[in-house]
Amino acid sequence: MANYTGPKVKLSRRVGVPIADLPKHTTKRQLNPPGVHGFRGRRLRDYGVRLNEKQKLRYHYNVLEKQFRNYMDTAGRTKGNTGEVLMRLLEQRLDNVIRRLGWSRSIWSARQTVVHGHILINGKKVDRPSYQVKVGDVITVKKDKMKNITRENLESLPGLEVPGWLTFDPSTLTAKIVAVPTSDQIPFDVNLNLIIEFYR
């Protein structure tokens, strides 16, 4: 199971936007371009603009290029707007759902939580971060020790807003998928048309 394990803030600096809602990613200083003083005067050509937009989305959801291309192929074959289908597929990844619920502070710790077998879906252990949740799925935390860590993570994110396509009971740490995510419920701004053009 491949995964990026390098420095994460470097990714935010590379694409020029915070790819995680953590202070070390959102500080203005951290969004300077790479280099000692930040390389000035660089103008991206059309290819570079499209590549940068695609990388933003890839880094935000922590997927590798091959996985991302597979999502693009699936979205292209699925009925409906390709961009919206792509975002729906990425949003419904299990590791992203754990991040959106605030059970983990970042997509990387959410992935680790899932891989270590701490998450149950409909009472069964699921350890694949790419697992696609469906409407009606009930998500719970497996062990008491992990429940304490999850509550600590929730307390460290006081302004967290759980998307409308999820319901969450903090007392039992139980969440349910009640709808399919729509584009206006996704808190990450990206130009999907540029990404689709990149793969044409």
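To be clear, the structure that these remarks concern was listed above.
Residues numbered from 1 in each chain as written. Predicted model: local features only at pLDDT ≥ 70, side-chain atom pairs only at ≥ 80, totals over all residues. Heavy atoms only, no water.

What is the right way to read unusual backbone geometry from this model?
Excluding glycine, residues mostly have negative phi values, and the peptide bonds linking residues are mostly trans. Located in the positive-phi region is Asn 122, a residue other than glycine, with phi close to 55°. Given a relative accessible area of 44%, Asn 122 falls into the partly exposed group. Even without a glycine there, the phi angle at Leu 173 is positive, about 50°. Tracing the backbone through its elements, the reader meets Leu 173 in the loop between β4 (166-169) and β5 (174-177). (Buried < 20%, exposed > 50% of the residue type's maximum accessible area, 1.4 Å probe, protein only. Helix = DSSP H or I, 4+ residues; strand = E, 2+ residues; numbered from the N terminus.)

It is not clear to me how the layout of surface pockets should be interpreted in this structure. Could you clarify?
Gaps left between atoms show up when a probe the size of a water molecule is rolled over them. As a volume, the largest pocket reaches approximately 230 Å³. Taken together, the residues that form the lining of the largest pocket break down as seven nonpolar, four polar and five charged. (1 Å grid on protein atoms, 1.4 Å probe; cavity = no way out; pocket = protein on both sides within 12 Å on 5 of 7 lines; lining within 4 Å. Points joined across faces, edges and corners; volume = space filled by probe spheres on them. Nonpolar A, V, L, I, M, F, W, Y, C, P; charged D, E, K, R; others polar.)

Honestly, the environment of Arg 93 in this entry has me stumped. Any pointers?
Turning to its location among the elements, Arg 93 is positioned in the loop between α5 (82-91) and α6 (94-101). The exposure class of Arg 93 is buried, given its relative accessible area of 0%. Excluding residues that lie within four positions of it along the chain, Arg 93 makes contacts with Tyr 61, Asn 62, Val 63, Gln 67, Tyr 71, Arg 111, Pro 129, Ser 130, Tyr 131 and Gln 132. (Contact = heavy atoms within 4.5 Å.)

What is the right way to read the sheet that holds β4 from this model?
Hydrogen bonds between backbone atoms are what pair the strands of a sheet, whose relative direction is either parallel or antiparallel. One open sheet holds the five strands; their spatial order is β2-β1-β3-β5-β4, and the pairing between them is antiparallel. Here the strands that pair on one side only, and so sit at the sheet edges, are β2 (124-125) and β4. Two strands pair when backbone bridges link them, and strand β3 (residues 138-141) and β5 are joined in this way by three bridges, in the antiparallel orientation. Bridging across to β5, Thr 140 finds its partner in Thr 174. Where α6 meets the sheet, it contacts β1 (119-121), β3, β4 and β5, and its direction lies at approximately 55° from that of β4. (Pairing = 2+ DSSP bridges. Axes fitted to C-alpha atoms, helices over the stretch in contact; angles between N-to-C directions.)

Please clarify how helix α8 (residues 144-155) should be interpreted in this entry.
Helix length check: α8, at twelve residues, gives a terminal C-alpha distance of 17 Å against a target of 16 Å (1.5 Å per residue), a fit within 8%. Buried residues of α8: Met 146, Thr 150, Asn 153 and Leu 154, and no others. Within α8, the buried residues cover an arc of 100° as seen down the axis, which keeps them to one side. For α8, exposure combined with an orientation more than 90 degrees from the buried face picks out Asp 144, Lys 145, Glu 152 and Glu 155. The inward-facing, buried residues of α8 abut α6, α7 (107-115), β3 and β4. (Expected span 1.5 Å × (residues − 1). Arc of directions from axis to C-beta.)

When you look at the nonpolar core in this model, what are you seeing that I'm missing?
Here is a general trend for soluble globular proteins: nonpolar side chains tend to be buried in one another's company. Core analysis: the largest hydrophobic core is formed by 21 residues, its most contacted members being Leu 94, Val 97, Ile 98, Trp 103, Val 133 and Ile 139. Looking at this core, the elements with two or more residues in it are α6, α7, β1, β3, α8 and β5. Considering every element that reaches this core, the biggest residue donor is α6, with four residues. Contact partners of Trp 103, with chain neighbours within four places excluded, come to Ile 98, Ile 119, Ile 139, Thr 140, Val 141, Thr 150, Asn 153, Leu 154, Phe 168, Leu 173, Thr 174 and Ala 175. Counting 19 residues, the second largest nonpolar core, distinct from the first, contains Leu 57, Met 72, Leu 89 and Ile 196. (Core = buried A, V, L, I, M, F, W, Y, C linked by side-chain atoms within 4.5 Å.)

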